[in-house]
Amino acid sequence: IALGAVGAWIGARREGVSFSSFADAVAPGLLVAQAIGRLGNWFNQELFGSPTTLPWGLEIDPSIAARVGDFPAGTLFHPTFLYEMIWNLIGAALIIYLGHKLADRLKAGQQFAMYLMWYGLGRTWIENVRINYSTVILGLRTNVWTAIIVFPACSSSLR
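Now for a look at the structure at hand.

Rules used in this analysis
- Residues numbered from 1 in each chain as written.
- Predicted model: local features only at pLDDT ≥ 70, side-chain atom pairs only at ≥ 80, totals over all residues.
- Heavy atoms only, no water.
- Helix = DSSP H or I, 4+ residues; strand = E, 2+ residues; numbered from the N terminus.
- Expected span 1.5 Å × (residues − 1).
- Bend = angle between axes of the 7 residues up to and from the residue.
- Buried < 20%, exposed > 50% of the residue type's maximum accessible area, 1.4 Å probe, protein only.
- Contact = heavy atoms within 4.5 Å.
- Phe/Tyr/Trp six-rings, centres within 6.5 Å; stacked < 30°, edge-to-face > 60°.
- Salt bridge = Lys/Arg side-chain N within 4 Å of Asp/Glu carboxyl O.

**Some remarks on helix 2 (residues 19-44)**
For step 1, the next point in the chain: For helix 2, built from 26 residues, the straight-helix expectation of 38 Å at 1.5 Å per residue is met to within 8% by its first-to-last C-alpha distance of 35 Å.
For step 2, the next point in the chain: For helix 2, the principal kink sits at valine 26 and spans about 40°; a proline, proline 28, occurs within the next four residues.
For step 3, the next point in the chain: All buried positions along helix 2 are accounted for by Ala23, Asp24, Ala27, Pro28, Leu31, Gln34, Ala35, Arg38 and Asn41.
For step 4, the next point in the chain: Next to the buried residues of helix 2 lie helix 4 (80-101) and helix 5 (110-127).
For step 5, the next point in the chain: Glutamine 45 sits one or two positions beyond helix 2 and adopts a positive phi of about 50°.

Below is the structure:
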(Lines give C-alpha, C1' and ligand atoms only; values in the text may rest on other atoms or scores of the structure.)
Protein backbone atom coordinates (compact mmCIF):
# COMPACT_ATOMS: atom_id res chain seq x y z
CA ILE A 1 0.00 0.00 0.00
CA ALA A 2 2.83 2.38 0.85
CA LEU A 3 4.54 1.94 -2.52
CA GLY A 4 1.19 2.24 -4.29
CA ALA A 5 0.65 5.51 -2.43
CA VAL A 6 4.03 6.79 -3.65
CA GLY A 7 3.06 5.90 -7.23
CA ALA A 8 -0.32 7.61 -6.80
CA TRP A 9 1.37 10.70 -5.36
CA ILE A 10 3.72 10.86 -8.36
CA GLY A 11 0.79 10.40 -10.78
CA ALA A 12 -1.34 13.03 -9.03
CA ARG A 13 1.55 15.47 -9.03
CA ARG A 14 2.22 14.93 -12.74
CA GLU A 15 -1.45 15.52 -13.54
CA GLY A 16 -1.78 18.54 -11.25
CA VAL A 17 -4.36 16.82 -9.06
CA SER A 18 -4.48 17.25 -5.29
CA PHE A 19 -3.14 14.02 -3.78
CA SER A 20 -5.43 14.39 -0.75
CA SER A 21 -8.49 14.67 -2.98
CA PHE A 22 -7.31 11.69 -5.02
CA ALA A 23 -6.80 9.65 -1.83
CA ASP A 24 -10.32 10.53 -0.68
CA ALA A 25 -11.73 9.37 -4.00
CA VAL A 26 -9.98 5.99 -3.92
CA ALA A 27 -10.53 5.22 -0.21
CA PRO A 28 -13.86 3.36 -0.60
CA GLY A 29 -12.56 1.55 -3.66
CA LEU A 30 -9.51 0.35 -1.73
CA LEU A 31 -11.78 -1.23 0.88
CA VAL A 32 -13.88 -2.92 -1.80
CA ALA A 33 -10.73 -4.19 -3.56
CA GLN A 34 -9.32 -5.50 -0.28
CA ALA A 35 -12.66 -7.21 0.44
CA ILE A 36 -12.63 -8.95 -2.95
CA GLY A 37 -8.99 -9.92 -2.42
CA ARG A 38 -9.95 -11.80 0.74
CA LEU A 39 -11.78 -14.34 -1.41
CA GLY A 40 -8.33 -15.59 -2.39
CA ASN A 41 -7.71 -16.47 1.26
CA TRP A 42 -10.84 -18.62 1.19
CA PHE A 43 -9.87 -20.41 -2.03
CA ASN A 44 -6.33 -20.97 -0.71
CA GLN A 45 -7.55 -21.94 2.79
CA GLU A 46 -5.18 -19.48 4.43
CA LEU A 47 -5.32 -16.80 7.11
CA PHE A 48 -8.12 -18.52 8.99
CA GLY A 49 -8.76 -18.00 12.66
CA SER A 50 -8.78 -20.01 15.82
CA PRO A 51 -11.06 -23.01 16.33
CA THR A 52 -14.75 -22.24 16.83
CA THR A 53 -18.03 -24.00 17.43
CA LEU A 54 -20.02 -21.22 15.74
CA PRO A 55 -22.36 -22.41 12.98
CA TRP A 56 -20.39 -20.50 10.32
CA GLY A 57 -17.10 -22.14 11.28
CA LEU A 58 -14.91 -23.04 8.33
CA GLU A 59 -13.70 -26.53 7.58
CA ILE A 60 -10.03 -26.48 6.62
CA ASP A 61 -8.14 -29.32 4.96
CA PRO A 62 -6.44 -31.17 7.87
CA SER A 63 -3.04 -31.00 6.17
CA ILE A 64 -3.33 -27.21 5.94
CA ALA A 65 -4.60 -26.83 9.52
CA ALA A 66 -1.70 -28.98 10.72
CA ARG A 67 0.70 -26.23 9.57
CA VAL A 68 -0.48 -24.00 12.42
CA GLY A 69 -1.33 -26.53 15.12
CA ASP A 70 -2.47 -29.98 16.12
CA PHE A 71 -6.24 -30.02 15.73
CA PRO A 72 -8.64 -32.97 15.93
CA ALA A 73 -10.40 -34.02 12.72
CA GLY A 74 -13.53 -32.00 12.05
CA THR A 75 -12.29 -28.86 13.81
CA LEU A 76 -13.97 -25.72 12.49
CA PHE A 77 -12.13 -22.39 12.33
CA HIS A 78 -13.14 -18.73 12.34
CA PRO A 79 -13.37 -17.50 8.70
CA THR A 80 -11.34 -14.36 9.38
CA PHE A 81 -11.15 -13.55 5.67
CA LEU A 82 -14.96 -13.36 5.69
CA TYR A 83 -14.95 -11.13 8.76
CA GLU A 84 -12.49 -8.80 7.07
CA MET A 85 -14.44 -8.87 3.81
CA ILE A 86 -17.66 -7.84 5.57
CA TRP A 87 -15.81 -5.25 7.68
CA ASN A 88 -14.27 -3.68 4.58
CA LEU A 89 -17.56 -3.52 2.66
CA ILE A 90 -19.28 -1.87 5.63
CA GLY A 91 -16.37 0.60 5.83
CA ALA A 92 -16.62 1.45 2.13
CA ALA A 93 -20.35 2.13 2.47
CA LEU A 94 -19.77 4.19 5.61
CA ILE A 95 -17.07 6.33 3.99
CA ILE A 96 -19.27 6.97 0.96
CA TYR A 97 -22.21 7.85 3.21
CA LEU A 98 -20.16 10.19 5.42
CA GLY A 99 -18.51 11.75 2.40
CA HIS A 100 -21.93 12.56 0.98
CA LYS A 101 -23.50 13.61 4.29
CA LEU A 102 -20.55 15.75 5.44
CA ALA A 103 -19.29 16.94 2.06
CA ASP A 104 -19.43 20.60 3.05
CA ARG A 105 -17.47 20.00 6.30
CA LEU A 106 -14.80 17.49 5.30
CA LYS A 107 -11.31 18.67 4.42
CA ALA A 108 -9.23 17.02 1.72
CA GLY A 109 -7.67 13.81 3.01
CA GLN A 110 -10.17 13.18 5.78
CA GLN A 111 -12.00 10.38 3.99
CA PHE A 112 -8.68 8.65 3.40
CA ALA A 113 -7.94 9.06 7.11
CA MET A 114 -11.29 7.38 7.80
CA TYR A 115 -10.20 4.50 5.55
CA LEU A 116 -6.94 4.04 7.45
CA MET A 117 -8.72 4.19 10.81
CA TRP A 118 -11.50 1.79 9.78
CA TYR A 119 -9.12 -0.70 8.21
CA GLY A 120 -6.79 -0.53 11.20
CA LEU A 121 -9.61 -1.14 13.67
CA GLY A 122 -10.77 -4.17 11.73
CA ARG A 123 -7.28 -5.59 11.35
CA THR A 124 -6.61 -5.15 15.07
CA TRP A 125 -9.63 -7.31 15.89
CA ILE A 126 -9.06 -9.84 13.10
CA GLU A 127 -5.33 -10.24 13.76
CA ASN A 128 -6.18 -11.31 17.31
CA VAL A 129 -8.43 -14.09 15.99
CA ARG A 130 -5.98 -15.43 13.38
CA ILE A 131 -3.63 -18.28 14.23
CA ASN A 132 -1.25 -18.16 11.27
CA TYR A 133 2.40 -17.25 11.89
CA SER A 134 3.09 -13.55 12.26
CA THR A 135 5.91 -11.57 13.79
CA VAL A 136 5.03 -10.65 17.36
CA ILE A 137 6.59 -7.72 19.22
CA LEU A 138 5.81 -7.21 22.91
CA GLY A 139 2.89 -9.63 22.66
CA LEU A 140 1.19 -8.02 19.65
CA ARG A 141 1.37 -8.84 15.95
CA THR A 142 3.14 -6.26 13.78
CA ASN A 143 -0.13 -5.45 11.95
CA VAL A 144 -1.70 -4.52 15.29
CA TRP A 145 1.26 -2.27 16.11
CA THR A 146 0.88 -0.58 12.73
CA ALA A 147 -2.80 0.10 13.43
CA ILE A 148 -1.95 1.44 16.90
CA ILE A 149 0.51 3.89 15.36
CA VAL A 150 -1.65 4.93 12.38
CA PHE A 151 -4.98 5.34 14.20
CA PRO A 152 -4.06 8.32 16.42
CA ALA A 153 -2.28 10.06 13.55
CA CYS A 154 -5.37 9.75 11.37
CA SER A 155 -7.83 10.64 14.13
CA SER A 156 -5.97 13.91 14.71
CA SER A 157 -6.54 14.82 11.04
CA LEU A 158 -10.31 14.54 11.52
CA ARG A 159 -10.43 17.42 13.97
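**A closer look at helix 6 (residues 142-157)**
For step 1, the next point in the chain: Here helix 6 contains 16 residues, and its C-alpha end-to-end distance of 23 Å stays within 8% of the 22 Å for a straight helix at 1.5 Å per residue.
For step 2, the next point in the chain: Every buried residue belonging to helix 6 is among Val144, Ala147 and Cys154, and all of these are buried.

**Quick word on the packing of aromatic side chains**
For step 1, the next point in the chain: Summed over the entire model, instances satisfying the criterion amount to 8 aromatic pairs.
For step 2, the next point in the chain: Taking 6.5 Å as the distance between ring centres and 35° as the angle between the ring planes, the aromatic pair formed by phenylalanine 19 and phenylalanine 22 counts as tilted. Taken together, the positions of phenylalanine 19 and phenylalanine 22, both in helix 2 and 3 residues apart, correspond to about one turn of that helix.
For step 3, the next point in the chain: Overall, the relative accessible area of 28% leaves phenylalanine 19 in the partly exposed class.
For step 4, the next point in the chain: Here the aromatic rings of tyrosine 83 and tryptophan 125 are separated by 5.4 Å at their centres, their planes lie at 25°, and the arrangement is stacked. Here the residue tyrosine 83 occupies a position in helix 4, and tryptophan 125 occupies one in helix 5, the gap between them amounting to 42 residues.
For step 5, the next point in the chain: The class for tryptophan 125 is partly exposed, based on a relative accessible area of 41%.
For step 6, the next point in the chain: In textbook terms, an aromatic cluster arises when at least three aromatic residues are bridged by ring pairs, as seen for Phe48, Phe71 and Phe77.

**Remarks on the pattern of salt bridges**
For step 1, the next point in the chain: One pass over the full model with this rule turns up 6 salt bridges.
For step 2, the next point in the chain: Salt-bridge contacts for arginine 38 lead to glutamate 84; the nearest nitrogen and oxygen are separated by 3.2 Å. Of this pair, arginine 38 sits in helix 2 while glutamate 84 is found in helix 4, placing the two residues 46 residues apart along the sequence.
For step 3, the next point in the chain: Note that arginine 130 and glutamate 127 form a salt bridge whose closest N and O atoms lie 2.9 Å from each other.

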